[in-house]
There are 2 protein chains.
Amino acid sequence: MRFLSDASSGGVREQLFALGDIPGVLWTPEGDTTAPLPLVLLGHGGGRHKKAPEILTLARRLVTECGFAAVSVDVPAHGDRPKVEEYDRIATENQARVEAGEELAPLIAGFQALVARRTVPEWRAVLDAVRRLHHVGTGPVGYWGVSLGCGLGVPFVAAEPRVRAAVLGLGGASASAEAAARITVPVEFLVQWDDERVPRDQSLALFDALASPEKSLHVNPGRHGEIPPTELDSTLRFFRRHLGPRRS
Amino acid sequence: MRFLSDASSGGVREQLFALGDIPGVLWTPEGDTTAPLPLVLLGHGGGRHKKAPEILTLARRLVTECGFAAVSVDVPAHGDRPKVEEYDRIATENQARVEAGEELAPLIAGFQALVARRTVPEWRAVLDAVRRLHHVGTGPVGYWGVSLGCGLGVPFVAAEPRVRAAVLGLGGASASAEAAARITVPVEFLVQWDDERVPRDQSLALFDALASPEKSLHVNPGRHGEIPPTELDSTLRFFRRHLGPRRS
């Protein structure tokens, strides 16, 4: 793990790093931390990156309002990572199939399952590395990811016993129902009622497939990208409840 | 409006009253209030009453944590009110019809629609009377009711322009979809994923029917009576957000 930068502002320390060829960013409370800290891994959406505005906002609030650490890395072919020829080829093929009348959701799901085969081991390695840092340590781990972050997050949470709680959503059952059935930690699951990309019944089927005894579905009106700000507050409460004591 | 008792404990003043033949209870902050107060009308469930434990808990928290007033009255044939022969006859008939293989949900819905014809005008009269009290005044009004409290609450909220926000749930679209389509205030809607009394698709259809631009569906695992305690916290935040400033 190589650190590329180290800067602090408004109570938040931000460190860019590279773990092998994975570019990432780690946020922790400024100054001496009382490690071990709860750590939340944030999975960005499709076409987004590790420092997209919604990721930054959530990360800063996790640090300042909860006293947690947060980490995010670029998904292959996103952010600072090179294109992946195979992904480009599939995207072009899918585009043609949608134009020929095929349903979009199963194609997205199939693509996300393919990407997850790379991101699951990558993210596990990121956890290993970050939790070895003195100012983070081996505290409880959470996962947050919607849309692509859900498609990749479901197999990750299913595979990773260190994750104790997850916020997921804007994703359907097509790709992930089987992995979802292996998730047993508390989950808060977000659905947009007028999602133009994920059919309602697919969203509800993915929530239904989660094996977690404690899971909560939050549905709001609006399209894929229009999760209301109240859900961000709810996300922070959820992680505070499951990963650690309230610090603010 | 006749007051029958007046007692205070733990910061909460509780007054039993009768409005005509409607028995009710009003909760307000102990001591001088800074009226007008936000007021939440609480509709109890089937076979329950105005001082059922879940109503008392919610009322006391609305008073102590939000500084609001809360009021609840017995639904006809519940609590301190006499039996209604027509209701008994219908209940007996419905019992026989269910034993003969009919679906339960539409029968419950039909019954609730019948009771609502009495409770809607009763509850509006209760609002009139309570808001004339000096220690309450004409502040913003909210409504909370699940199960029977939803079946009766949907037509009430649809008919009553003073209600600015409502928590509803554990109810289906059979009886109330038409009234729900006239509700435009913010709604938090609770569904139990394993509800043995209300089919899932009926619950989701009722949420869908609400015309409110701001509405949020919260689904949790468990049976009809098993709403988790986190939802009570969420209810208090919802009313605080929509009816008044935070006071605690």
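Residues numbered from 1 in each chain as written. Chains lettered and ligands numbered in written order. Predicted model: local features only at pLDDT ≥ 70, side-chain atom pairs only at ≥ 80, totals over all residues. Heavy atoms only, no water.

As annotated in an unreviewed UniProt entry, chain A carries the name Alpha/beta hydrolase and comes from Streptomyces tendae. UniProt lists a comment for chain A under the heading Sequence similarities (unreviewed entry), and it reads "Belongs to the AB hydrolase superfamily." (UniProt positions renumbered as here; feature names shortened; annotations may be inferred.)

**Student:** Would you explain the pairing of strand E4 (residues 39–43) of chain B in this entry?
**Tutor:** Residue and element names in this part refer to chain B. The element E4 is largely enclosed, with a buried count of five among its five residues. Of the two faces of E4, the one lined by Leu39, Leu41 and Gly43 and the one lined by Val40 and Leu42 are each fully buried. Direction of pairing for E4 relative to strand E5 (residues 69–73): parallel, over a ladder of three bridges. Bridge pairing links Leu39 to Ala69 in E5. Once you follow E4 into helix H1 (residues 53–66) and on to E5, the crossover reads as right-handed. Bridging between E4 and strand E6 (residues 141–146) involves five bridges; their strand directions are parallel. Bridge assignment links Leu41 to a residue of E6, and that residue is Tyr143. (Buried < 20%, exposed > 50% of the residue type's maximum accessible area, 1.4 Å probe, protein only. Helix = DSSP H or I, 4+ residues; strand = E, 2+ residues; numbered from the N terminus. Pairing = 2+ DSSP bridges. Right-handed = clockwise from strand over helix to strand, strands pointing away.)

**Student:** So what exactly am I meant to see when it comes to the interface of chain B and chain A here?
**Tutor:** Interfaces are often described in size by the accessible area the parts lose on coming together. The interface of chain B with chain A comprises 17 residues on the first partner and 17 residues on the second. Both sides of the chain B and chain A interface together cover about 1,400 Å² of buried area, and 55% of this is carbon and sulfur. Our count for the contact surface shared by chain B and chain A stands at two salt bridges. A salt bridge links A:Arg200 to B:Asp208, with the nearest nitrogen and oxygen atoms 3.3 Å apart. At the junction of chain B with chain A, the criterion picks out eight residue pairs in polar contact (both at pLDDT 80 or more). Going through the elements one at a time, helix H7 (200–209), strand E9 (215–220) and helix H8 (230–243) of chain B are the ones with two or more residues in the side of chain B that touches chain A. (Contact = heavy atoms within 4.5 Å. Buried area = accessible area lost by both parts, 1.4 Å probe. Salt bridge = Lys/Arg side-chain N within 4 Å of Asp/Glu carboxyl O. Polar contact = N/O pair within 3.5 Å; in protein donor to acceptor, adjacent residues only side chain to side chain.)

**Student:** Would you explain helix H1 (residues 53–66) of chain A in this entry?
**Tutor:** Residues three or four positions apart in an α-helix share a direction because the helix packs 3.6 residues into each turn. Residue and element names in this part refer to chain A. Relative to the 20 Å expected for 14 residues at 1.5 Å per residue, H1 spans 19 Å between its end C-alpha atoms, a close match to the ideal helical length. Residues of H1 that are buried include every one of Ile55, Leu58, Ala59, Leu62, Val63 and Cys66, and no others. Along H1, the residues classed as buried sweep out an arc of 130° about the axis, all on the same side. Elements in contact with the buried residues of H1: strand E2 (12–19), strand E3 (22–29), strand E4 (39–43), strand E5 (69–73), strand E6 (141–146) and helix H8 (230–243). Count one or two residues on from H1 and you reach Gly67, which has phi positive near 75°. (Expected span 1.5 Å × (residues − 1). Arc of directions from axis to C-beta.)

**Student:** What is the right way to read the pattern of salt bridges from this model?
**Tutor:** Where side chains of opposite charge bring their charged atoms close, a pairing between them can arise. Applying the stated criterion to the full structure yields 36 salt bridges over all chains. Measuring nitrogen to oxygen at the nearest pair gives 2.7 Å for the salt bridge that ties A:Glu54 to A:Arg48. For B:Glu93, the salt bridge is made with B:Arg89, and the minimal N-O distance between the two is 3.2 Å. With B:Glu93 and B:Arg89 both in helix H2 (residues 85–99) and four residues apart, the pair spans about one turn of that helix. Assessed through its relative accessible area of 37%, B:Glu93 is described here as partly exposed. One network of salt bridges, with partners in common, ties together A:Arg124, A:Asp128, A:Glu160 and A:Arg162.

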